[in-house]
Amino acid sequence: MSASAPEPKRNQGQPVPRIDARLKVTGEARYAADIPLNNLAYGVLVTSDIARGRVNEIRLDEARAVPDVLEIISYGDIDGIQRPQFANASCTSLGPLHETTIRHDGQIMALVIANTFEAAQEAASKVTADYQPEQPSASLGSAGTETIPAKGNTERVQDDPAVRDFAAAFEAAPVKLDAAYTTPTQHHNPIELFSTTALWTGDQLTVYEPSQNVYGFRAEIARQLQMDPAKVRVVSPYIGGAFGSKGPMTPRTAIVALAARRLNRPVRCVVTRMQGFTTATYRAPTRHRIRMGTTPDGRITAFSHEGWELTSRVDNYVVGGTSTTTRLYGYGSVYSRVNLVKADRQTPGYMRSPPEFPYVFALETAMDELAERLGMDPVELRRVNDTMTEPIGGKPYTSRSLMQCFDQAAEAFNWAARNPKPGSMRDGEWLIGLGCATAAYPTNVGAATARVRLTANGKVLVQSASHEIGTGIRTVAAQMAAEQLGVPVDAVEVMMGDTDLPPAPVSGGSNSTASVCSAVLTACRQIRARLSQASVGSHGGPLAGKDPGDLDIRDGMIVANDGASQKLQEIFRALGAGVVEEYAEFIPEGAPQDAVQKLYAGASTLINGSRRSKVQYALGAEFVEVRINVRTREIRVPRLVGAFAAGRIMNTRTARSQLLGGLIWGMSSALLEETGVDERTARYVNRDLAEYYVPVNADIQEVEVILVPEVDHEVNPAGVKGLGELGNVGTAAAIVNAIYHATGKRIRDLPVRLENLIV
Ligand code: MOS
């Protein structure tokens, strides 16, 4: 950018209501499956009843005889579409119709298309299969699984960081802990069901699908259908619940596109809630072994974190492992290793804070156990091991406000009133437990592009193919443009979720606000530079001859610091233009030179906050109160308090909502969520919202979010750390720690249910 571009005063943290709030609450916001199309046909998936084996025969005749059925696509009838490639844009390499081998429960066996949804559904129910079943392996610990090291077996980053001699340090430590933890299979259950709508216009394909990665989907659809990506458009206007579930594409999309091409008619497939459990991804169950050794005063001299994560037979998906837990405190020595356990399940995938949720649960529960063993306050244990440099490479944190978060949350929570003795606090028939834990999430950032247009009448248009997954990204992008161009937020229109717009990265890893706002900021600075340059130029206006660095844009005017000003309209006139438009490419430090070309080709290169020249983390401290009924062991959570530091907060309202939702999800993970897997059949047993437990309003009482001020100019131009995935990290540990405080019973396996507390 031009050094002469003036910098406006930043309206940090304005609690601007979502610019699309009205559309959402009135039902006007159109989700992908709401887009009205003429002559639409409906597709319904047929999925397998076994998890492992072969389909000897699939019988379609009865289904074909159902009135209004148009077509059934099944084995060997797929017009040469290519197998998916397991990568960031595709959740699996399994081509379900490419071969008759069944590798997981509920695998796609056919797509039935009819004139009506009801006819398609009826016909789908009449498809039968003759299987040759084999005994499947259901989960971690089942017979027949295969365990391999993650490192070297996946393209995804898995660094297994280790430094100094852990074994010797652990051996020598006077205080030791060696404990195992587990987290269960979880499913996303977005309220907006998974869906694909495909429409062909000549040789051009438009796909409407809820997606966190429209450019990635475009590239992968084009590859599977062997098309020029320029002829594919992916539109994802609003998304109702994503959190990773709509990040990578599933094999469904290309099959629906194929059906639409064959019928020469738009086809829409809305996946049922039950089929969503097996045709999309889920959170892999994990196991952990943590070993820690400390000095008598609580300094951790030895830290080891080993993990076991479930994956499918066909793909080596890795949750992400230990990159955060091995860097979180100032350990003297570190050992880590992540293992993949291959079972007869579909490939798992991203689910809100994929590695941090399970791995930090294990670490932060272990920290509480260690504090107990040392006779130390759990907050003080974290303070003693706080560090401004991570222990693996000795790299400094760009900023780290962990203890400020602990101090502010502890005060709001009145932690000082806690009697540390387990079982010592009681209110009538309720045992009171107070616990805490650290929340941590790396500041990821990726190359992003944006186009910004300012018109002479003060209207702004922002275009960037990011995705409104419910976080409020449209709103914060509008805020960034508004403050830079001196217009009210409601003068800004934001277009996203469409491959006709300039590309942005996958909306995952909490990178979007940082990446997209940095691109919008860069484009706005280019506009400011052009206008400032014009105002000081030769047309002889009131600002002629001034230093452009002394100018600001406010209320439709360019203003000098001596008070002189000129209306933007006059500058537009002098420029002979009705609009000033700028396109900008933001490439973060550490990104490859061709990161923007890659982005156009559908590959986002997110730079992980633990792997830059300085480490970047958003951090927080979470405190919870649990109450456990003395007789029934019913568990209640009357209070959740979190304090978080995440650099610049673009919008205190949307930030608070993200963190609030995160805390609640963390509580849900601790006490409710688990997908049961039948050990004999490797099938999910609770595939609906009646039996997959999530919290309701009655489960949530007081939730307090504290935003701890933090300024970090090093993370990215926007100064934003990202916090969408921060809030639910640590919560589950804080809850089991509080349960220990209430009952003296240490729970190391999630979810905790009242039956686990009956001695
Ligand atoms: Mo998030 S699980 O990175 O979409």
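Residues numbered from 1 in each chain as written. Predicted model: local features only at pLDDT ≥ 70, side-chain atom pairs only at ≥ 80, totals over all residues. Heavy atoms only, no water.

### Re the pairing of strand S20 (residues 460-463)
Rules: Under the scheme applied here, a residue whose accessible area is under 20% of the maximum for its type counts as buried, over 50% as exposed, and between as partly exposed, the area being computed with a 1.4 Å probe on protein chains only. Comment: elements are numbered from the N terminus, with helices defined as DSSP H or I runs of at least four residues and strands as E runs of at least two. Paired strands, as defined in this entry, are two strands with at least two bridges between them according to DSSP.
Of the two faces of S20, the one lined by Val460 and Val462 and the one lined by Leu461 and Gln463 are each fully buried. Where strand S19 (residues 448-455) and S20 come together, 4 bridges link them in antiparallel fashion. Among the inter-strand pairings, Arg451 is bridged to a residue of S20, identified as Gln463. Between S19 and S20, which pair antiparallel and follow one another directly, the connecting turn spans 4 residues, one of which, Gly458, has a positive phi of 85 degrees. Sheet analysis places S20 next to strand S21 (residues 492-495), joined by 4 bridges and oriented parallel. Along S21, the bridge assignment pairs Val460 with Val492.

### Side note on the layout of surface pockets
The line we're drawing: A cavity here means a set of 1 Å grid points, computed over protein atoms only, where a 1.4 Å probe fits but cannot escape. A pocket is an open set with protein on both sides within 12 Å along at least 5 of 7 lines, and lining residues have an atom within 4 Å of a point. Grid points are joined across faces, edges and corners, and a volume is the space filled by probe spheres set on the points. Under this grouping Gly is polar, as are all residues other than the nonpolar Ala, Val, Leu, Ile, Met, Phe, Trp, Tyr, Cys and Pro and the charged Asp, Glu, Lys and Arg.
Considered as a void within the structure, the second largest pocket measures approximately 850 Å³ in volume. Every residue lining the second largest pocket is counted, 32 residues in all, and those nearest its centre are Ile191, Phe243, Arg352, Gly661 and Trp665. Among the elements that take part in the lining of the second largest pocket, helix H15 (residues 652-671) stands out by supplying 7 residues, more than any other. Here the residues of the lining of the second largest pocket sort into 16 nonpolar, 12 polar and 4 charged.

### Considering a nonpolar patch on the surface
Selection rule: Excluding any residue in a salt bridge, patches collect residues exceeding 30% relative accessible area, merging like charges within 9 Å and nonpolar Val, Leu, Ile, Met, Phe, Trp and Tyr side chains within 5 Å. Note that accessible areas follow from Shrake-Rupley with a 1.4 Å probe, and for residues the cover is restricted to the protein chains shown. For this analysis, a salt bridge means a side-chain nitrogen from Lys or Arg found within 4 Å of a carboxyl oxygen belonging to Asp or Glu.
A grouping of Ile191, Leu689 and Val694 is seen on the molecular surface, where their side chains present a nonpolar patch of about 270 Å² in accessible area. Of note, Ile191 is situated in the loop between strand S8 (175-183) and strand S9 (195-201). Exposure remark for Ile191: the relative accessible area of 67% places this residue in the exposed category.

### Observations concerning the confidence of the model for the protein
Defined as follows: Each residue carries a pLDDT score, the predictor's confidence in it, ranging from 0 to 100. Contacts between residues were defined by any pair of non-hydrogen atoms, one from each residue, lying within 4.5 Å.
Looking at the protein as a whole, its pLDDT mean stands at 95, while 98% of the residues score no less than 70. Across residues 1-11 the pLDDT falls below 50, and counting only partners more than four positions away or on other chains, this stretch makes 30 contacts in the model.

### Notes on the packing of aromatic side chains
Operational definition: Only Phe, Tyr and Trp rings are paired, with Trp represented by its six-membered ring, and only when their centres lie within 6.5 Å; those with planes under 30 degrees apart are stacked, over 60 edge-to-face, the remainder tilted. For a lysine, the NZ atom is tested; for an arginine, the CZ atom; a charge sits over a ring if that atom is within 6 Å of the ring centre and within 35 degrees of the ring normal.
Counted by the stated rule, this structure contains 16 aromatic pairs. Arranged with centres 6.0 Å apart and planes meeting at 70 degrees, the rings of Phe277 and Tyr692 form a pair that is edge-to-face. One end of the pair, Phe277, is in helix H7 (residues 273-279); the other, Tyr692, is in the loop between H15 and strand S29 (702-707), and 415 residues separate them in sequence. Assigned by exposure class, Phe277 and Tyr692 land together as buried. Measuring from ring centre to ring centre gives 5.8 Å for Phe406 and Phe623, while their planes differ by 75 degrees; the resulting arrangement is edge-to-face. A residue pair is termed long-range when its members are at least 10 positions apart, and Phe406 in helix H10 (residues 402-413) and Phe623 in strand S27 (residues 617-629) qualify at 217 residues. Relative accessible area serves as the criterion here: at 0%, Phe406 is assigned to the buried category. One aromatic cluster is present, built from ring pairs that chain together Phe406, Phe413, Trp415 and Phe623. Over the ring of Phe170 we find Arg291; its NZ or CZ atom is 5.9 Å from the centre of that ring. Above the ring of Phe413, the side-chain terminus of Arg639 is found at 4.0 Å from the ring centroid.

### A few points about empty space enclosed by the protein
Counted according to the given criterion, the structure contains 5 cavities of 30 Å³ or more. Roughly 160 Å³ of internal volume is contained in the largest cavity. Lining the largest cavity are 18 residues, and of these Thr92, Leu94, His104, Thr278 and Gln346 lie nearest its centre. Here the residues of the lining of the largest cavity are counted per class, giving 7 nonpolar, 8 polar and 3 charged. Reported here for the second largest cavity is a volume of approximately 90 Å³. Every residue along the wall of the second largest cavity is listed here: His187, His188, Asn189, Pro190, Glu192, Leu193, Phe194, Thr272, Arg273, Gly276, Phe277 and Thr281. For the lining of the second largest cavity, the residue count by class is 4 nonpolar, 6 polar and 2 charged.

### Re H15
Spelled out, the test is: What a helix should span is 1.5 Å times the count of its residues minus one. Whenever two N or O atoms come within 3.5 Å, that pair is a polar contact, provided that in protein one can donate a hydrogen and the other can accept it, and provided that, for residues adjacent in sequence, both atoms are side-chain atoms.
Given a rise of 1.5 Å per residue, 20 residues ought to cover 28 Å, and the 28 Å separating the end C-alpha atoms of H15 matches this to within 8%. N-cap assignment for H15: the residue whose side-chain oxygen lies 2.9 Å from the backbone N of Arg653 is Asn651.

### Details of the sheet that holds strand S28 (residues 635-645)
In any sheet, the strands associate via hydrogen bonds between backbone groups, in a parallel or an antiparallel arrangement. The sheet built from 5 strands is open, its strands ordered S16-S17-S27-S28-S29 with mixed pairing. In the strand order of this sheet, the two ends are held by strand S16 (426-427) and S29, each with one partner.

### Considering the nonpolar core
Stated formally: Nine residue types can take part in a nonpolar core, namely buried Ala, Val, Leu, Ile, Met, Phe, Trp, Tyr and Cys, and a core is a set of them joined through side-chain atoms within 4.5 Å.
Residues Met292, Leu363, Phe623, Val626, Leu671, Ile735 and Ile739 are the most contacted members of the largest nonpolar core, which totals 89 residues. Here the element with the most residues in this core is helix H8 (residues 356-374); it accounts for 10 residues. Apart from the residues lying within four places of it in its own chain, the contact partners of Met292 are Phe170, Val175, Lys176, Leu177, Ile300, Ala302, Phe303, Leu363, Ala366, Met367 and Leu370. Counting 59 residues, the second largest nonpolar core, distinct from the first, contains Ala114, Ala119, Ala257 and Leu258.

### What about the side chain of Arg252?
On the secondary structure map, Arg252 appears in helix H6 (residues 252-263). With sequence-adjacent residues up to four places away left out, Arg252 is seen in contact with Leu45, Ile108, Phe194, Ser195, Thr196, Glu209, Cys269 and Val271.

### A word on the pattern of salt bridges
Counting across every chain of the model gives 49 salt bridges. Put simply, Arg223 and Glu220 hold a salt bridge, and the shortest N to O gap is 3.1 Å. Of this pair, Arg223 and Glu220 both sit in helix H5 (residues 214-225), 3 residues apart, roughly one helical turn. We note a salt bridge from Asp678 to Arg680, for which the minimum N-O separation is 2.9 Å. Owing to a relative accessible area of 64%, Arg680 belongs among the exposed residues under this scheme. Each of the salt bridges in this network shares a partner with another, and the network as a whole consists of Arg64, Glu71, Asp77, Asp79 and Arg262.

### Side note on the packing of helix H11 (residues 473-485) against helix H12 (residues 512-535)
Working note: a packed helix pair is described by the angle between its axes plus the distance between those axes. We count it as follows: Note on definitions: angles span 0 to 180 degrees between N-to-C directions of axes, and those axes are lines fitted to C-alpha atoms, for helices only across the stretch in contact. In these notes the angle categories are as follows: under 35 degrees is roughly parallel, over 145 is roughly antiparallel, 65 to 115 is roughly perpendicular, and the rest is oblique. We call a crossing left-handed when the near helix sits turned anticlockwise from the far one by less than a right angle, and right-handed when that turn is clockwise.
Interhelical geometry of H11 versus H12 gives an angle of 25 degrees and a closest axis separation of 9 Å. As judged from the angle between their axes, H11 and H12 are roughly parallel. In this structure, H11 crosses over H12, and the sense of that crossing is right-handed. Residues Ile473, Val476, Ala477, Met480, Ala481, Glu483, Gln484 and Leu485 of H11 form the contact with H12, whose participating residues are Ser512, Thr513, Val516, Cys517, Val520, Leu521, Cys524, Arg525, Ile527 and Arg528. Residues of the contact of H11 with H12, tallied by class, amount to 12 nonpolar, 3 polar and 3 charged.

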